[in-house]
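Topology and contacts: notes
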Amino acid sequence: GQQVQQSPSSLVLQEGENAELQCNFSSTATQLQWFYQSPGGSLVSLLSNPSGTKHTGRLTSTTVTKERRSSLHISSSQTTDSGTYLCAIDTGYQNFYFGKGTSLTVIP
Amino acid sequence: GGIITQTPKFLIGQEGQKLTLKCQQNFNHDTMYWYRQDSGKGLRLIYYSITENDLQKGDLSEGYDASREKKSSFSLTVTSAQKNEMAVFLCASSIDRNSGNTLYFGEGSRLIVV
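Residues numbered from 1 in each chain as written. Chains lettered and ligands numbered in written order. Predicted model: local features only at pLDDT ≥ 70, side-chain atom pairs only at ≥ 80, totals over all residues. Heavy atoms only, no water.

**Regarding the interface of chain A and chain B**
Note: interface size is frequently given as the accessible area lost on complex formation between the parts. Condition: Contact between two residues is taken to exist if any of their heavy atoms lie within 4.5 Å; hydrogens are not considered. Each of two parts loses accessible area, computed with a 1.4 Å probe, when they are put together; buried area is these two losses added. A pair is scored as a salt bridge if a Lys or Arg side-chain nitrogen falls within 4 Å of a carboxyl oxygen belonging to Asp or Glu. Any pair of nitrogen or oxygen atoms within 3.5 Å is treated as a polar contact; in protein, a donor-acceptor pairing is required on top of that, and neighbouring residues in sequence qualify only through side-chain atoms on both sides. Secondary structure elements are taken from DSSP: a helix is a run of H or I of four residues or more, a strand is a run of E of two residues or more, and numbering for both begins at the N terminus. In the scheme used here, Gly and all other residues not listed as nonpolar or charged are polar, with Ala, Val, Leu, Ile, Met, Phe, Trp, Tyr, Cys and Pro taken as nonpolar and Asp, Glu, Lys and Arg as charged.
Contact with chain A, which involves 20 residues of that partner, is made by 21 residues of chain B. For the chain A and chain B pair, buried surface summed over both sides reaches about 1600 Å², with 48% attributable to carbon and sulfur atoms. Summed over the shared surface of chain A and chain B, the number is zero salt bridges. The tally of links from chain A across to chain B stands at four residue pairs in polar contact (both at pLDDT 80 or more). Elements that contribute at least two residues to the side of chain A that touches chain B include exactly strand 4 (31–37), strand 5 (43–48), strand 9 (83–90) and strand 10 (96–98) of chain A. Top element by residues in the side of chain A that touches chain B is strand 4 of chain A. It accounts for four residues. Grouping the constituent residues of the side of chain A that touches chain B by class yields eight nonpolar, 10 polar and two charged.

**Points about the pattern of salt bridges**
Under the defined criterion, the tally for this structure stands at five salt bridges over all chains. Here Glu67(A) ties to Arg69(A) by a salt bridge, and the two come within 2.7 Å at their closest N and O atoms. The closest approach of N and O atoms between Asp30(B) and Lys71(B), which form a salt bridge, is 3.3 Å. Separated by 41 residues along the polypeptide, Asp30(B) in the loop between strand 3 (19–25) and strand 4 (31–38) and Lys71(B) in the loop between strand 7 (64–70) and strand 8 (73–78) bring together distant segments of the chain. Via salt bridges that share partners, Arg36(B), Asp38(B) and Arg44(B) belong to a single interconnected network.

**Comments concerning the sheet that holds strand 7 of chain B**
Residues and elements named next belong to chain B. Using the following cut-off: Here, strands pair whenever DSSP counts at least two bridges between them. Only the stretch in contact is used when a helix axis is fitted, and all axes are lines through C-alpha atoms; the angle between N-to-C directions ranges over 0 to 180 degrees.
Taken in spatial order, the four strands of this open sheet run 1-3-8-7, and their pairing is antiparallel. Where the open sheet ends on each side, the last strands, each with one partner, are strand 1 (4–7) and strand 7. Averaged over all pairs of adjacent strands, the angle between strand axes in this sheet comes to 15°, irrespective of strand direction. Inspection of the sheet shows strand 3 paired to strand 8 by four bridges, in the antiparallel sense. By the bridge assignment for strand 8, Leu19 is matched with Val78.

**A word on the side chain of Thr63(A)**
When you line up the elements, Thr63(A) lands in strand 7 (residues 59–64). Polar side-chain contacts of Thr63(A) include one of 2.9 Å to the side chain of Ser70(A).

**As for the nonpolar core**
Short version of the rule: Nonpolar cores were defined as sets of buried Ala, Val, Leu, Ile, Met, Phe, Trp, Tyr and Cys residues, with membership established by side-chain atoms within 4.5 Å. The cut-offs for exposure are 20% and 50% of the maximum accessible area for each residue type, with area from a 1.4 Å probe on protein chains only; residues under the lower value are buried, those over the upper are exposed, and the others partly exposed.
One finds Trp34(B), Ile46(B), Tyr47(B), Tyr64(B), Leu76(B), Phe89(B) and Leu111(B) to be the most contacted residues of the largest nonpolar core, which totals 21 residues. Of all hydrophobic cores here, the second largest spans 20 residues; its members include Leu11(A), Ala19(A), Trp34(A) and Leu59(A).

**Looking at the packing of aromatic side chains**
The condition is simple: Within 6.5 Å between ring centres, the rings of Phe, Tyr and Trp (the latter by its six-membered ring) count as paired, and their orientation is classed by plane angle as stacked under 30 degrees, edge-to-face over 60, tilted in between.
The final tally for this structure, using the stated rule, is 11 aromatic pairs over all chains. Three or more aromatic residues joined by ring pairs make a cluster, and in this case those are Phe35(A), Phe96(A), Phe98(A), Tyr33(B), Tyr35(B), Tyr48(B) and Phe105(B).

**Re the state of the cysteines**
What counts is decided by this rule: A pair of cysteine sulfur atoms is labelled a disulfide when the two atoms are within 2.5 Å.
Inspection of every chain in the model, using the stated rule, returns two disulfides over all chains. Residue pairing for Cys23(A): its cysteine sulfur links by disulfide to Cys87(A), the two sulfurs lying 2.0 Å apart. The S-S bond linking Cys23(A) to Cys87(A) shows a torsion near -65°; that makes this disulfide left-handed. With a gap of 64 residues between them, Cys23(A) in strand 3 (residues 19–25) and Cys87(A) in strand 9 connect regions that are remote in the sequence. Grouping residues by exposure puts Cys23(A) and Cys87(A) together as buried. Here Cys23(B) is linked by a disulfide to Cys91(B), with a sulfur-sulfur distance of 1.9 Å. Residues Cys23(B) and Cys91(B) are joined by a disulfide whose S-S torsion is about -80°; by sign, that bridge is left-handed.

So, to be careful, I would describe these as geometric facts and stop short of saying anything about function.
Now the structure itself:
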């Protein structure tokens, strides 16, 4: 079955609004990583957050390991934040499973 | 910092042809991966390798071979290219930190089958 589910599948925001992206997973995760992918681009690691809350810049990730869920909050969105956000988990066998991503569009 | 280099960036081949993608990393990471990305399907693992000469099959290994002859390089071969295999192939490597494995990606290689 699907190991990682992300929601929403797409999101459209006005510049300056906040975004909340969700990641739910069906297996125990020893690692959880959030990635950004620009259209036609490769994956850039944003945050590694297997548990608790982590901040970097305008990004905040909160992972509740027992409930098998993680969120990525983007504050004060900018047009350059547009792209796809992917969540991936490592189940402990160095084998990462990815969600299908959330496509974010920020309009000016 | 380090870098993961994938070659070629675009690989054009004919149906039925054997095609090889190459990946080099200078992070000195132990584990390397090949993922396939299809539109609407996310990333799916083809093969990974936890050390030199090791190979582990992912969910999508059928129709592919891989080779890890040295720590810094990991190659992927499409044994008989099919038109439904046109996708982006992403190489990655990972390091095991105290906080867990962290994955780093190359720029990707796009396979086009004519």
